[in-house]
Amino acid sequence: MVFRKLPGVSASGMGLRLSQKFVFLLFLSGLVTLCFGALFFLPDSVRLKRIFLSKTEVQAVTVGSENDVREHPKRPGKEQEHLRGMTPAKGDSKQKSLNRKPSVSHEEDAEAAGKAQEDTALSRSKPESASEKATSADHHGASSDAFSFKKFQKCLLKATLGTDGGRPADPQTNERREKVKEMMKFAWDNYKRYAWGKNELRPLTKNGHIGNMFGGLRGASIIDSLDTLYIMGLMDEYNDAKEWVQTSLDLNSNGEASLFEVNIRYVGGLLSAYYLTGEELFKSKAVELGEKLLPAFSTPTGIPRGVINLGSGTSWSWGWASAGSSILAEFGTLHLEFVHLTELSSNPIYKEKVMNIRKLLNKIEKPHGLYPNFLSPVSGNWVQHHVSIGGLGDSFYEYLIKSYLMSDKKDEDAKKMYYSAMEAIEANLVQKSPGGLTYMAEWRGGILDHKMGHLACFSGGMIGIGADDGAPEKRQHYLDLAAEITHTCHESYTRSTTKLGPEAFRFDSGAEATATRLSDRYYILRPEVIESYMYMWRLTHDPKYRDWGWEAVEALEQHCRVESGFSGIRDVYTMTVSHDNMQQSFFLSETLKYLYLLFSDDDLLPFEDWVFNTEAHPLPIVRKSCMQNEATEETTVSE
């Protein structure tokens, strides 16, 4: 290259000026680099990054400090079981507050934050949010793969509400069904009168309860009741609930929520309400809320943490969980709802998240084929070898067989996982008492704890609905095992003074199906035993299951019904009951719904078309080929 000499300027002078400019520019660029480097790498720089980066590009995962305190919303007792609705005992400081300690290092958080940035960008890369996309596409036909409610209805094998709303021909059975309907109306009317918009009713003090489980969301009893009111034909009450969702359900909360509880109650309740009614309102709310749960999956393994701030998207593990672990029954109870979120939104991210969980579980070693209750979301390794079909583990197994059934029996991976788990459960946990009662013990590092929780009593129904699809030679065996487990749970009711079952019962020191500890003697309107009655009735039509259900109705009326609603009781072994002043939302969603179905004909929410989530919200079987055929036929007609 040849430099031309400028007039009046010597070559040496020109070179000097160019070198000065070069040094100045070099200094200036270094200064800018230093400033921006400090901006991005100084501690707590995430807030500063938000000045320059959009919110979707930065999704930090935070955990609490040692000084932070969280109350476990389920059961913050000694064993920290996954038991919903337990109120801490007075005087037990350990139950009232538990430290939430850091569960990951700064380096691990940086890795998680990077993953969060990638995931959030994926979920929000389009101009519209997933919920907006689902709504606008359905209204305007903007997307060829948008979910069509009309196509969905054509793919159902039977009428959802049966030929006559499931009304039984037998007068006595119908009278019992009407009694359950009256109980629902009584519970609902009192909730509306004294606690409208709150999460649950306190029937003794006649006021509402909010709690800290739902991250600032309100109306848990309303969302949980939508489908129950609808299938019972309580249309005035249903319309009041729908109006509240339309006008008052605010999803822009900034509180700290249980991922598990928000999913099964709110997302599940809204999904179910949409599939039953076709109301777009419920679909858009479900997808909008589902999107707010996605940041919980932003961990090194993709295993979500148990607590999420619905406003900021930050998440952390429960303070009581060992070494910052995630809980099997929590991260394992997302599959049904998240598959349907993908169906409705046409956004694959929801299904991808839960399939990633399954992929990791298939990869890691399982002690004796069992799934322990605690898993690190950072390392992907088991933290403790505690196995339970009750609290902490329960609904993980339920969602395996139900994922298979909900896939129209196409999800072979879920099927394999379920039946392999059943083999391990039978080999290690299923026990027979000296009195001949079959029960599910708990497994603690190879040592059996001969205790069965009320929550584990769902397993009678679970084993029953899985009987048909295992090895043909084991079908009757599974039905027999389901019947034996359900019988044992019924015994836990009949051996109490109130004819209601305790929170947990034992099979040691001469006790059989009886609570031997004062802390296990309460009943909080739980549904699991009645749930198994309903399933076993549908599978066998043995009239004893309806008789057992009616025994439960009479006990609820006698001991739990108070002037302004229904309340749990503190001791099932005394006739002078002490009420706990709480009408749980799952009493409306599960207990009363299962009783109503028990006394209805099988064509009300037929099993050929519907699977219930763990909060008893019915979700439809996904028939991909049918939906695609309907879409093809519709396109051909339009052409």
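Residues numbered from 1 in each chain as written. Predicted model: local features only at pLDDT ≥ 70, side-chain atom pairs only at ≥ 80, totals over all residues. Heavy atoms only, no water.

1. Regarding helix α15 (residues 394-406)
Rule in force here: Each helix is a run of DSSP H or I of at least 4 residues and each strand a run of E of at least 2, with the numbering of both proceeding from the N terminus. For a helix, the expected span equals 1.5 Å multiplied by the residue count minus one. Note on classification: 1.4 Å probe, protein chains only; a residue is buried when its accessible area is under 20% of the maximum for its type, exposed when over 50%, partly exposed between these limits.
The terminal C-alpha atoms of α15, which comprises 13 residues, lie 18 Å apart, in line with the 18 Å expected from a rise of 1.5 Å per residue. With respect to burial, α15 is a largely interior element, 13 of its 13 residues being buried. Looking one or two places after α15, you find aspartate 408, whose phi comes out positive at around 60°.

2. Digging into the sheet that holds strand β5 (residues 256-258)
The criterion, for reference: What makes two strands pair is DSSP finding at least two bridges between them.
Sheet architecture is open: three strands sit in the order β5-β6-β7, paired in antiparallel fashion. Sheet topology places β5 and β7 (315-316) at the edges, where each strand pairs with a single neighbour. Alignment of strand β6 (residues 307-309) against β7, held across two bridges, turns out to be antiparallel. Note on β7: the bridge partner recorded for valine 307 is tryptophan 316.

3. Comments concerning the nonpolar core
The line we're drawing: What makes a nonpolar core is a set of buried Ala, Val, Leu, Ile, Met, Phe, Trp, Tyr and Cys residues whose side-chain atoms join them at distances within 4.5 Å. Here, residues are in contact when the closest pair of their heavy atoms is within 4.5 Å.
Leu361, Tyr397 and Met452 are the most contacted members of the largest nonpolar core, which has 161 residues in total. Of the residues forming this core, the biggest block, 12 residues, is contributed by helix α10 (residues 259-277). Residues contacting leucine 361, with those up to four places away along its chain left out, are Phe331, Lys366, Tyr371, Leu375, Trp382, Phe396 and Met417. By size, the runner-up hydrophobic cluster in this structure holds eight residues, among which are Val307, Trp318, Phe374 and Leu392.

4. A short note on the UniProt feature "binding site: Ca(2+)" (unreviewed entry) in the chain
Threshold: UniProt positions are given in the numbering used here, feature names are shortened, and annotations may be inferred rather than shown by experiment. We define a polar contact as two N or O atoms separated by no more than 3.5 Å, with the added condition that, inside protein, one atom must be a possible hydrogen donor and the other a possible acceptor, whereas residues neighbouring each other in sequence contribute only through side-chain atom pairs.
The UniProt entry lists Thr614 under the feature "binding site: Ca(2+)" (unreviewed entry), expressed in the numbering used here. What makes threonine 614 buried here is its relative accessible area of 12%. A distance of 2.9 Å separates the side chain of threonine 614 from the side chain of glutamate 398, its partner in a polar contact.

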